[in-house]
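Architecture and fold: a report
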Amino acid sequence: MEACENTIRLEIYRWEPRREPRPRFQFFHRPWQSRLTVLGLLQEVYEEHDSSLAFRSSCREGICGACAMLVNGRYRLACATPVADLGTKCITVAPLPRLRVIKDLVVDLEPFWRAHEAVRPYLTPPSGPPGGREFLQSPRDRERMGQAIACILCGSCFSACPTHWTGKHDLGPAALTRTFRFYADSRDGDGAARLARADRGLWRCRYALNCTDACPRNVNPAHHIRELRRQAVRSWLGRVTRRT
Amino acid sequence: MIRHRVLVVGGGLAGLRAAIAAREQGANTAVLCRLHPLRSASVAAQGGINAALGNAPEGGADTPEKHALDTIRASAYLADQGAVALLAAEAPARVFEAENWGCPFSRTPEGRIAQRPFGGAGLPRTCYAADRTGQALVHTLHGVALRHGVRFYEEFVAISLAEEDGAVFGLVAVNLATGDLVPVQCEAIVLATGGAGRLYARSTNGVLNTGSGMVLAYQAGAPLKDMEFVQFHPTSLAGGNVLVSEAARGEGGQLKNACGERFMARYAPQDMELAPRDVTARAIQSEIEAGRGFPGGHVHLDLTHLGEEPYRDRLKGVREVVRAFVGVDPAVEPIPVQPAQHYMMGGIGTDEHGATPLGGVFAAGECACVSVHGANRLGGNSLLETLVFGRRAGASAAVAARDRRPRRVPAAVVSEALRRTRQEWMALVRANGPESPVRLRRTLQATMTEKIGICRDGPGLNEAAATLASLQERFRRIGITRGSRCYNLELLGAWELRGMLVLAEVIALAALRRQETRGAHCRRDHPRRDDRRWLVHTGVQRGLDGPLLSSLPVDVSLRPPGTD
Ligand SMILES: Cc1cc2nc3c(=O)[nH]c(=O)nc-3n(C[C@H](O)[C@H](O)[C@H](O)COP(=O)(O)OP(=O)(O)OC[C@H]3O[C@@H](n4cnc5c(N)ncnc54)[C@H](O)[C@@H]3O)c2cc1C
Ligand code: SF4
Ligand code: FES
């Protein structure tokens, strides 16, 4: 089957592990519309062909992270991916790899959320806030958190990280990025403990850069991991020199 | 059976703040959530959150009193002024608290929370975190809720309340992953399920905003309030209706119809494109209806004369969004825009503590109506409402839960609710009639957009009510594909559709009853505001045979209309 001029040839991964022995791909032809997004396409399939299709979505504007999936082999937010940007009218949609499939495009993100919770994703200031007002933070200091604050926890990098595939449940790129976000926050006072907690995962990173490549929000987890490592080495050296 | 002292339904900003407040009171607290809390609609808010901090140089003289006055004026005097005073007075504390919890607000050169001007406010009062204020706040509060030991049930959807004799002891939820119906028992419930934009064909809201909390409360006997007041945003991208920020007009964007004419000159010659949201939305809608729109029903927002400069900073986000969703570069081509539903001013009627007349039921956020928005919401006030009244509702729920002395064995009420709900649910599972839920839903959305949209009139509303009645009738002959129970979106969608039809009927009747034009409620056949007859809230309660409508008093104790 070839896609022709005015149609999209869509291929969707379907699997319900509790009922079916193995996954399959289901084919659809849909009329080409230049302003359609991949999520829009899935919605059309759900409404007009097969309402047993399972997928997650919420904001449909690329900010909630619910619709992360593989589109033509690349990590994408389906809602923020116009079909016109794909450069082809043959589209393949699959769930985030290496996570347990619940049904079709819906995967179990439990290990991802556990890693997120393990890094204590909240501010721990050294002392109470200054008299019922805000902590002061210069625009420069705010900048130090960089793109790390733009992470929407979509799970793409977690799924893409090869260190992870070994089966060891490390923290993964997003949780380390979140660690960096608080470590770099001038209001936080928990730096040393954060580095210690990040130890699980920080040193396993092989700079495959899959995470940075996968991120649909232009976050650069590999960069944040490198920065955390540098800080960890520095603090370790500090301790060693103090001891001698 | 799952048991908690306080159960929060919804993990958006209102739900998260309520859960934290309940934990602060020491109550065992859980949050039920349709998807993970970080997927809630609150993350989409870009603009910011209002509080009279006086951090901007021009904002030095700002006070909660001025904030309250701006809110009251925007509300067309339909907001309860005591509640508005509370909202404005507690705003700085809630914003500072969010900052102290780690919210990455943008900063002034002195390191204070940055504030910018927003429509309808006299001074720069809107605190923001770049153009991701909602996301910054949700991520912050979710972290704090984890720290406080709030328990989360993700992908659990509440589908009915366990009510008996006007008191509620728990609810029935469906676990999406397994399809099981799960009974939950609790001492107090906080409903925080957000808006109902999906009632409309065109909405800026996310796909989860189906008004389910309003339906849960209404079905259990709690009155809804001011449901006819629906805010429309003038500029959403044609097609998917992603919001184009007001900043695009603020920077000098021009609205043009298909004849290339700057039509705002006819509707608001003074303010032109900077006219208030409702005026601009009506103007665009009138152009489209008069046949001066582009095919597909939109007009152009033209920024091409502004050059490249604004995109370096202030309109960077706008350019990205427009490029991604309509494939247009606003520096080169005009943006296709159309009005879309944006916010529900009405909701579950509550007092200042978030309490409803139903025993054990509280509500907060967009699904509630305190009311602080009256006939029209001021931009930046709804994020604020989620924090101020989310906290109040959560704390009151925890206290009420502690003092509750139920007359009946609560577990029996919940079991009874489970039995009843399972019956109805299974009836839907087995439904094999000729009507398709998708088709009914589309008709509903089209009816709402055309007849109960930006401009309304008596005949149109009557037609809408008739269509809605026939949709309810057709729903009885619905058919569901025989699918598996696991992650069955069709089944959940059909269940929600039934609720949406009920909600739509309430909106239609409330809009029909209010024979005046006030704020977002525009009646072409009654174009004037009429304080003599209609300075009242609309209450709607479920009766034995259909909705019962009534008028409720408005609190105008601070600034009665006509005094300025
Ligand atoms: C595009 C956009 C931009 C906006 N910008 C601004 C702005 O700049 N400033 C401002 O003040 N306001 C803004 N608003 C409005 C504001 O974002 C919302 O009113 C507010 O976030 C609502 O928060 P909430 O907590 O009440 O509901 P939501 O954030 O919608 O959360 C609802 C929660 O309930 C859950 N839920 C729903 N039904 C069920 C059920 N049956 N069972 C279990 N869980 C359920 C959902 O999963 C979700 O977690 C904007 C709105 C939109 C759409
Ligand atoms: S870093 Fe990027 S890919 Fe990873 S979770 Fe965050 S947004 Fe998703
Ligand atoms: S639906 Fe929210 S990111 Fe796609």
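In this text, all values refer to a predicted model and were calculated from it rather than measured experimentally.

With that settled, consider the overall build of chain A. Along the backbone of chain A there are 8 helices and 7 strands. With the principal axes as the frame, chain A shows a C-alpha extent of 70 × 40 × 30 Å. Within chain A, the proportion of its 244 residues that are buried is 55%. Partitioning the intrachain contacts of chain A with sequence separation of at least 6 by distance along the chain shows that 63% fall at a separation of at least 24.

Attention shifts here to the sheet that holds strand β18 (residues 536-543) of chain B. Residues and elements named next belong to chain B. Within the open sheet, the 5 strands sit side by side as β17-β15-β10-β18-β19. Their pairing is mixed. The two strands at the open ends of the sheet, each matched to only one other strand, are β17 (368-369) and β19 (546-553). Relative to β17, strand β15 (residues 347-349) runs parallel, the two being bridged by 2 bridges. Bridge assignment links Ile348 to a residue of β17, and that residue is Ala368.

What follows deals with the pattern of salt bridges. All names here are of chain B. The final tally for this structure, using the stated rule, is 59 salt bridges over all chains. One salt bridge in this structure joins Asp302 and Lys256, with 3.0 Å as the shortest N-O distance. On the criterion of sequence distance, the pair formed by Asp302 in strand β13 (residues 299-302) and Lys256 in strand β12 (residues 254-256) is long-range, its members being 46 residues apart. Its relative accessible area of 9% is what places Asp302 among the buried residues. What makes Lys256 partly exposed here is its relative accessible area of 22%. If you follow the salt bridges from partner to partner, you end up with Glu228, Arg514, Glu516, Arg518, Arg529 and Asp531 in one network.

All names here are of chain B. Along its sequence, chain B is organised into domain 1 (235-339) and domain 2 (431-531). Just the C-alpha atoms count here: the centres of domain 1 and domain 2 sit 28 Å apart. Of the residues lining the interface, 7 residues belong to domain 1; the matching set on domain 2 comes to 6 residues. Of the roughly 480 Å² buried at the junction of domain 1 and domain 2 (both faces included), carbon and sulfur atoms supply 58%. Broken down residue by residue, the surface that domain 1 buries against domain 2 is led by Arg282, Gln285 and Glu289, which jointly contribute 72%. Taken together, the links from domain 1 to domain 2 amount to 1 salt bridge. The partner of Glu289 in a salt bridge is Arg524, and the shortest N-O contact between them spans 3.2 Å. Run the count over domain 1 and domain 2 and you get 2 residue pairs in polar contact (both at pLDDT 80 or more).

All names here are of chain B. Interhelical geometry of helix α12 (residues 437-451) versus helix α13 (residues 458-475) gives an angle of 170° and a closest axis separation of 10 Å. Considering their axes alone, α12 and α13 lie roughly antiparallel with respect to each other. Residues Leu440, Thr443, Leu444, Thr447 and Lys451 of α12 form the contact with α13, whose participating residues are Gly460, Leu461, Glu463, Ala464, Thr467, Leu468, Leu471, Arg474 and Phe475. Residue classes in the contact of α12 with α13 are distributed as 7 nonpolar, 4 polar and 3 charged.

Attention shifts here to the site of ligand 2. Neighbouring ligand 2 are 13 residues; Cys151(A), Cys154(A), Gly155(A), Cys157(A) and Cys215(A) lie closest to it. Looking at the shell around ligand 2 residue by residue, the class counts come to 10 nonpolar, 2 polar and 1 charged.

Turning our attention to the domain arrangement of chain A. All names here are of chain A. Along its sequence, chain A is carved into domain 1 (7-107) and domain 2 (110-243). Listed by partner, the interface residues are 12 residues for domain 1 and 12 residues for domain 2. Counting the surface lost from both domain 1 and domain 2, the interface buries some 1,000 Å², and carbon and sulfur atoms represent 61% of this. Looking at the side of domain 1 facing domain 2, the largest losses of area belong to Tyr75, Arg98 and Leu99, adding up to 45% of the total buried there. Counting every contact that joins domain 1 to domain 2 gives 0 salt bridges.

What counts, and at which threshold
- Residues numbered from 1 in each chain as written.
- Chains lettered and ligands numbered in written order.
- Predicted model: local features only at pLDDT ≥ 70, side-chain atom pairs only at ≥ 80, totals over all residues.
- Heavy atoms only, no water.
- Helix = DSSP H or I, 4+ residues; strand = E, 2+ residues; numbered from the N terminus.
- Buried < 20%, exposed > 50% of the residue type's maximum accessible area, 1.4 Å probe, protein only.
- Contact = heavy atoms within 4.5 Å.
- Pairing = 2+ DSSP bridges.
- Salt bridge = Lys/Arg side-chain N within 4 Å of Asp/Glu carboxyl O.
- Domains from an automatic or database assignment.
- Buried area = accessible area lost by both parts, 1.4 Å probe.
- Polar contact = N/O pair within 3.5 Å; in protein donor to acceptor, adjacent residues only side chain to side chain.
- Axes fitted to C-alpha atoms, helices over the stretch in contact; angles between N-to-C directions.
- Parallel < 35°, antiparallel > 145°, perpendicular 65-115°, else oblique.
- Nonpolar A, V, L, I, M, F, W, Y, C, P; charged D, E, K, R; others polar.
- Near = heavy atom within 4 Å.

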